[in-house]
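Chain by chain, the residues run as shown.
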Amino acid sequence: IKDSSQNSIFKIIASILHLGNVEICSERDGESCHISRDDLHLKHFCKLLGVELQQMEHWLCHRKLVTASETYVKSMSSKQATNARDALAKHIYARMFDWIVEHINRALQTSSKQHSFIGVLDIYGFETFEMNSFEQFCINYANEKLQQQFNSHVFKLEQEEYMKEQIPWTLIDFYDNQPCIDLIEARLGVLDLLDEECKVPKGTDQNWAQKLYKQHSGSAHFKKPRMSNTSFIIIHFADKVEYQCEGFLEKNRDTVYEEQINILKASEFQLVADLFHEKEDRTPSKSSRVNVRAMKQTPKTPNREHRKTVGHQFRSSLHLLMETLNATTPHYVRCIKPNDFKEAFSFDSRRAVQQLRACGVLETIRISAAGYPSRWTYPDFFSRYRVLMRKSDMAIADKKLVCKNLLETLIMEPDMFQFGKNKIFFRAGQVAYLEKLRADKFRSACIKIQKTVRGWLQRIKYHKIRKSVINLQRYGRGYLARRYAEHLRLTRAAIFCQKQYRMVRDRHAYLRVRQAVITIQAYTRGMFTRRIYWEFLLHHKAMIIQKTVRGWLERKKFRRARNAAVIIQCAHRRVLAKRQLKQLKIEARSAEHLKKLTIGMENKIVQLQRKMDDQTKEFKAQNEQLLMAKADLGLEVTKLQKELAQVRSQQGDGSQLTSLKDELEKLRVELQEAYAQRKILEEEHNSEKLGLKQRMEELERENSMLKNEKDEMNQRILQYTKANEDQESSASQREVCLQTELDEERQRYQNLLKEFSRLEQRYDNLKEDVSLNNKFHPGHRRNPSNQSSLESESNYPSVSMSEVGDTEDSIQQVEEMGVEKAAMDISLFMKLQKRVRELEQERKRLQIRLDRMEELAKLKGTESRSPTSEEESADLAYNSLKRQELESENKKLKNDLNVMQKTIADHAFQSNSSNELHDGYNLLLSQLKAANEELEARKEEVLILRTQIISSAQQQEKNNRTESYDADLKDSKQPMDKEEALKAYHGLFESKKLLEAQLQSQLRQHKDELEALHSQIEMLKDDIQKKQEILNYTISLSPEAQVEYSIQQEITRLTNDNLDLKELVEKLEKNERKLKKQLRIYMKKVQELEVSQAAAAQDSRARPELSRQVTVQRKEKDFEGMLEYCKEDEALLVKTLITDIRPSAVSATVPCLPAYVLFMCIRHADYINDDQKVESLLTSTINAIKKVLKKNNEDFEMMSFWLANTSRLLHCLKQYSGDEAFMTQNTTKQNEHCLKNFDLAEYRQVLNDLSVQIYQQLIKVAEDIIQPMIVSAMLESESIPSLAGVKPMGYRNRSSSMDNDGTGPSSYTLETLIRQLGQFHSIMRDHGLDPEVVGQVIRQLFHCINAVTLNNLLLRKDVCSWSTGMQLRYNTSQMEEWLRGNNLYQSKAAGSLEPIIQAAQLLQVKKKTSQDAEAICSLCTALTMQQIVKILNLYTPLNEFEERVTVSFIRIIQNRLQERNDPPHLLVETKRTFPVLFPYAPSALSLEMLHIPASLGLDFLNRV
């Protein structure tokens, strides 16, 4: 935790202590209370937490009651206020504790899977005092649960041990305290009755006690005291405890009021505000049903966490603890108190036995004494008692048999021990007997060792004594001789000392006089010398000061010059680095297939080398076998010769001699055959060895040729890129500078928006308090209408009163004067409005500068493109718009017609109706057909009119162009021929233009088809390569492994198919719900038509001539693209279009339909020149969007929907503003629809700010969704099947002892991450979000993926290997392929993956020579020196053919990278956000052609 956070924690803890010391004084009536204004503890509390003193003082003594129609503020009694104060202190402490625990868990959390854990639980001690209250009740309840778990665990373990080892044993029953637990926690138990009494409005402790007596009087563990009606006794497992009922209800409620929490939410300190925003601001999960909001404002329900009682929370946490204990293996340590008085050296045996009996220890001892308390495993028994075994027993390999033999010889009674499967069980005392035998064995051995050692010590001692005696004699004689010599020397020295003493005495007197004279002279000379020294010292100090000042000035001048030079060098080096990066990218793309070939050949060479080594080993083994066989045959021959000689000497029998000769000849023949077989094997080995050598030489030659080709291609690319670098350097440098300045300005502005939103929350709290004070406190107050009139008089209607928080001076002034006085002071508000105007002007200036930079960037982009004629662009735009409109309307009408026909047919023919229903059905069908024919005729008329308008406009332009040419030719003799020539020329020009348009469309179509074919070919190639790798891998496996691998592949394929089918089912269900909704609408319409037809049928009998009046067409007036509404319907319009609308309701219509409808309403208000209507509609629209986003702050779909609509409304305000800069791409009809009376530039800025806020919230929601997937998908999932079994050396696959159901983080794969990104992209695209904004969102998400992946790679050693590099490169290529497939590759998102791509390449390249170091330095430009060195240090070899990166190689890298100016941070910042830009994107849709579906319920809007 940072130092700033630690200081904040200390402040919060200190504020809790001060809050507990706040004194609440009761009033005389006893129903209200107050806090002294001089209370220092309250002031310290508000200062430490950064909250308002007056608000906290007010709400500590009051509380708010909200009913269905009104809101009341009620005073609290002193006791209630004290309980509320204590509850608030506990709540703050609990939130602070949760925050610290969350940060500790986050710091300890790792991305690796958690297999098991070790926890330490300090359980409650059993408590019984004279006064036992709610706390002792909860503690003893927890003791009951823990004691039950201890009994079941210990006794079951003891009995299961004998069962597992198959030892005959009789089961023993133990005490069970479940009835006492049921008394407390069962239905209608003590806790249930307590919670029920807490819910009663006027519940008391006495009523609760009477309910307990009535309900549990018959329980064996519950008793009522004789002398009390407000207490009860519970018989626990350890003792009886009497509890006092007073205070149980209030401690169980522990109520915290919402107003106090709101004050803490608006704290000046971010940590205090985050403590209460973190959990309470979460909205419930999105429901598929449409929420219908009541017209009246419903009271806000308190937080669910506040409604839970303390007993309910304690019971829930205790159940969770018991589940954890039951799922783990507990070990117990029992602490016994020697006495109750905490005295030293005092032991109360009765108290100790009582504690042992209560803990169940005596029961455990009884079980152990009845069975076999001592037990040894066979290896441990063998190692300890091997000294008692004989030497012959030690030679037996089976240790279990040795132990059995030993025990049968040592212990004669077979009942004293038992042999289990893995252990030997002994009765009490048998292990001590074995220990005695072992000690006797050791004792006899020790005696023998002691005897030998003592004799050796005595001999050494004798030699030492003899040697010391001889030394003493020698030293004694020498001492006597030295003493005599010393006497002679002392006599001579005494005479010499007397002579010297007399001389020293006289010399000392002389020196004393001389020293006095010298001292006087020294002091005199020193005084004069010090005077001269001080003069020189002052002179020298002045020179030092002058030297230092002059040096400082020169150094300052040098630093300025050096900084300027460094900035210039950095800019120049950045340009050079970009050029080098482009060159390296081209090299990587061109030489990629060569790298793959070289990697494959290196693997083949390594495999062939391993095969040669294996064959040489086999050859050596065969040679050794042949030599051994030869030696054996030689020995047998010599043996037979000896036997033959003996036989000849003993007997002369010829038959035996011949048999021996035959055997000798057979052995010689076998020996010759063995020699021949050996020669054959040697020849085969040599031929195979030669073949392998030739193959290796061929591969090496091919590898060298490929390397040469690669070098040539790289040189050509270098020559080509160097020629183009000089031309692009200056332009790129200027563009980079402008872009950096623009990004910095955007970043600062968006940070101001974040601060603005925080101050807006604080202002809402102040506003609510002011309204409550005005409502409930008597006295003169300013009318709120005056405030609204002040706001409406301002020239900046877009700035609400919440924006006052942008200036610190005005905030301080408001705090000093108080909220009420500041509201009444008109001069203060005028100052605030003046400050707001200045801020708005500054913001406007920045926006103009931003627009100019965007126009410059657009001009640069358009200059590089080939210029096209205006006529062709207008034709293409018109054709595309016409095609889109016709296709969308055609599809919509066909779908509606088919659905209506099906539903009407089903409803008509399935029901047994009369002939009148059939007639109504036929009439309805005829009406539908007539309406369809009328619609098609209208479409044709519209298209004909459009083509006529466009052709007339083009003809008029052509006539204007040819006027000058016709004027020159008026006086010619043949005017008719020239006119015909001009017409022919125009006809050729038209035909040429049509042909060019057709050719361009065909060319685009062919290009798209070619790209699609290329992408299909690449996908097929990748698929073939994957299947080839899988085939090679399966061939190399054993048959059993092949079966297992094929099963695993089939399972993965089936899971992927299952996921696809689930997605398909979800889509079908969504379509089904949509169709059902349409079906209900159509069924209602059919029923209404049936009723009307039934009424019309009676009239038709009298007037049959009026039956076909439905098909009569009527003329409609021209629609100007405006919608009229009444002022009273504004709230209904905002509610229908913003508050209650769901994205799925308008999914089948034109994207951003609410934005278009709102703008058409604004256009009508502008048309009738109603400024109040415009201001009111825009202000309510912005506030409603903010409320909807605050309510759905975790819904990505809702965020995307309103970001698209807000940006589209902003673009509409720009497009139809009348500014020439925004009218360049408009049609003539769109220019006619521009606003006439109002300039809404300030509202455009407010909408731009709102769009930035929605964008930031959208990014936060998307990052929270994908962040748990990143590490598993990018680093841990095995996307390449051939690398599935490859792991670094020393890192084997750990087997998990816990069940893994596949739903944890390890189940996320790359396909899951890409599917999630595709879902985000499809949602934003369906909502009509601008492609540039979509690209910025994807870029931000790719930056998050890169940062999290690279940080985990830098912190984990097990993933820094060659196989991880291959896997990571494959994953990044799949991400890039996804970008290309969705046309997002130009959005700078691919550049965000550059560091992780270079890290993957760093894991794959060679890391041995200096050339490799140079290649790494030129390759890893996006990584810092610390990151490169960290990856090299963490690199782990894949197998025995690889080596670790040497220290010398890392030093070479460090020396080469010292020139870089890299940041000092090792990890990448994950919270960095790029500044967002909303480029101007005008709509090609005409407002008069917009169709509003009837399902939206906007019938109150009139088309104008």
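Residues numbered from 1 in each chain as written. Predicted model: local features only at pLDDT ≥ 70, side-chain atom pairs only at ≥ 80, totals over all residues. Heavy atoms only, no water.

Draft legend 1. Summary view of the overall build of the chain. If you tally the helices and strands in the chain, you get 43 helices and 12 strands. Classification of the 1504 residues of the chain by burial places 33% in the buried group. For the chain, restricting intrachain contacts to residue pairs at least 6 apart in sequence, the fraction spanning at least 24 positions comes to 77%. Looking at the chain as shown, the accessible area adds up to about 97,600 Å², and 54% of this sits on carbon and sulfur atoms. (Helix = DSSP H or I, 4+ residues; strand = E, 2+ residues; numbered from the N terminus. Buried < 20%, exposed > 50% of the residue type's maximum accessible area, 1.4 Å probe, protein only. Contact = heavy atoms within 4.5 Å. Areas by Shrake-Rupley, 256 points an atom, 1.4 Å probe, with all protein chains shown as cover.)

Draft legend 2. Quick peek at the pairing of strand 10 (residues 423-426). For strand 8 (residues 374-377) and strand 10, the ladder comprises four bridges, and the chain directions are antiparallel. By the bridge assignment for strand 10, arginine 375 is matched with phenylalanine 425. Summarising the sheet, strand 9 (residues 417-419) and strand 10 pair through three bridges and their orientation is antiparallel. Among the inter-strand pairings, phenylalanine 419 is bridged to a residue of strand 10, identified as isoleucine 424. (Pairing = 2+ DSSP bridges.)

Draft legend 3. Structural detail: the environment of serine 231. As for its placement among the helices and strands, serine 231 is situated in strand 6 (residues 231-235). With sequence-adjacent residues up to four places away left out, serine 231 is seen in contact with Tyr213, Pro225, Glu242, Tyr243, Gln244 and Cys245. A polar contact of 3.0 Å, which involves the side chain of serine 231, links it to the side chain of serine 228. Separated by 3.2 Å, the side chains of serine 231 and glutamate 242 make a polar contact. (Polar contact = N/O pair within 3.5 Å; in protein donor to acceptor, adjacent residues only side chain to side chain.)

Draft legend 4. Geometry of the pattern of salt bridges. Applying the stated criterion across every chain yields a total of 24 salt bridges. Of the charged contacts in the structure, one is a salt bridge between aspartate 195 and arginine 315, with a shortest N-O distance of 4.0 Å. Here the residue aspartate 195 occupies a position in helix 7 (residues 190-199), and arginine 315 occupies one in helix 13 (residues 310-327), the gap between them amounting to 120 residues. Arginine 315 shares its class with aspartate 195; the two are buried. In this structure, the salt-bridge partner of glutamate 435 is arginine 384, at a minimum N-O distance of 2.8 Å. (Salt bridge = Lys/Arg side-chain N within 4 Å of Asp/Glu carboxyl O.)

Draft legend 5. Fine view of helix 32 (residues 1171-1191). Relative to the 30 Å expected for 21 residues at 1.5 Å per residue, helix 32 spans 30 Å between its end C-alpha atoms, a close match to the ideal helical length. Of all the residues in helix 32, the buried ones are Lys1173, Val1174, Leu1177, Leu1178, Thr1181, Ile1182, Ala1184, Ile1185, Val1188 and Leu1189. Buried residues in helix 32, looked at end-on, bunch into an arc of 165 degrees, giving them a common side. Seen from the open side of helix 32, the exposed residues pointing more than 90 degrees away from its buried face are Gln1172, Lys1187, Lys1190 and Lys1191. (Expected span 1.5 Å × (residues − 1). Arc of directions from axis to C-beta.)

Draft legend 6. Main features of the packing of helix 7 against helix 13. The geometry of helix 7 relative to helix 13 is characterised by a closest axis approach of 9 Å and an angle of 145 degrees between their N-to-C directions. Of the residues in helix 13, those touching helix 7 at Leu191, Asp192 and Asp195 are Gly311, His312 and Arg315. Class assignment for the residues of the contact of helix 7 with helix 13 results in one nonpolar, two polar and three charged. (Axes fitted to C-alpha atoms, helices over the stretch in contact; angles between N-to-C directions. Nonpolar A, V, L, I, M, F, W, Y, C, P; charged D, E, K, R; others polar.)

Draft legend 7. Just the sheet that holds strand 8, in detail. Pairing is antiparallel across the open sheet formed by three strands, whose spatial order is 8-10-9. Each edge of the sheet is formed by a strand with only one pairing partner; in this case those strands are strand 8 and strand 9. Taken pair by pair, the neighbouring strands of this sheet meet at an average axis angle of 20 degrees, ignoring direction.

Draft legend 8. Region of the structure containing the packing of helix 1 (residues 3-20) against helix 11 (residues 270-277). Taken N-terminus to C-terminus, the directions of helix 1 and helix 11 make an angle of 70 degrees; their axes are 10 Å apart at the nearest point. Of the possible angle classes, the one that applies to helix 1 and helix 11 is roughly perpendicular. Of helix 11, the residues touching helix 1 (which contributes Ser5, Ser8, Ile9 and Ile12) are Leu271, Val272 and Leu275. Partitioned by chemical class, the residues of the contact of helix 1 with helix 11 number five nonpolar, two polar and no charged. (Parallel < 35°, antiparallel > 145°, perpendicular 65-115°, else oblique.)

Draft legend 9. Here's a closer look at a negative patch on the surface. Together, Asp613, Asp614, Glu618, Glu683, Glu684 and Glu688 make up a negatively charged patch on the protein surface. Counting only elements with at least two residues in the negative patch, the list comes to helix 20 (592-650) and helix 21 (654-776). Position of glutamate 688 among the secondary structure elements: in helix 21. (Patch = residues over 30% accessible without salt bridge, like charges linked within 9 Å, V, L, I, M, F, W, Y side chains within 5 Å. Lys, Arg positive; Asp, Glu negative; His and termini not counted. Charge placed at Lys NZ, Arg CZ, Asp CG, Glu CD.)

Draft legend 10. Fine view of the packing of aromatic side chains. A full pass over the atoms with the stated rule returns 20 aromatic pairs. A ring pair is formed by tryptophan 208 and phenylalanine 232, whose centres lie 5.7 Å apart and whose planes are at 90 degrees; its orientation type is edge-to-face. Placement of the pair is tryptophan 208 in helix 8 (residues 205-216) and phenylalanine 232 in strand 6, with a sequence separation of 24 residues. On the basis of relative accessible area, tryptophan 208 is assigned to the buried category, the value being 0%. Measuring from ring centre to ring centre gives 5.3 Å for phenylalanine 417 and phenylalanine 419, while their planes differ by 75 degrees; the resulting arrangement is edge-to-face. (Phe/Tyr/Trp six-rings, centres within 6.5 Å; stacked < 30°, edge-to-face > 60°.)

Draft legend 11. Quick peek at a nonpolar patch on the surface. A cluster of nonpolar side chains, contributed by Ile13, Leu17, Tyr93, Phe97 and Val101, occupies part of the molecular surface with about 480 Å² of accessible area. Elements with a minimum of two residues in the nonpolar patch: helix 1 and helix 4 (78-108). Looking at the nonpolar patch, the element that brings in the most residues is helix 4, giving three residues. Its relative accessible area of 32% is what places isoleucine 13 among the partly exposed residues.

Draft legend 12. Quick peek at the pairing of strand 3 (residues 62-66). Strand direction decides the pairing type here: strand 3 and strand 4 (residues 71-75), joined by five bridges, are antiparallel. By the bridge assignment, arginine 63 is partnered in strand 4 with lysine 74. Between strand 3 and strand 4, which pair antiparallel and follow one another directly, the connecting turn spans four residues.

Draft legend 13. A look at the sheet that holds strand 7 (residues 240-244). Strand order across the open sheet formed by three strands is 5-6-7, with antiparallel pairing between neighbours. Across the chains shown, the open sheet's two edge strands, defined by having one partner strand only, are strand 5 (222-223) and strand 7. Here strand 5 runs beside strand 6; their pairing, made up of two bridges, is antiparallel. If you follow phenylalanine 222 over to strand 6, its bridge partner there is isoleucine 234. Its contacts with the sheet put helix 8 on strand 5 and strand 6, and the angle it makes with strand 6 is roughly 40 degrees.

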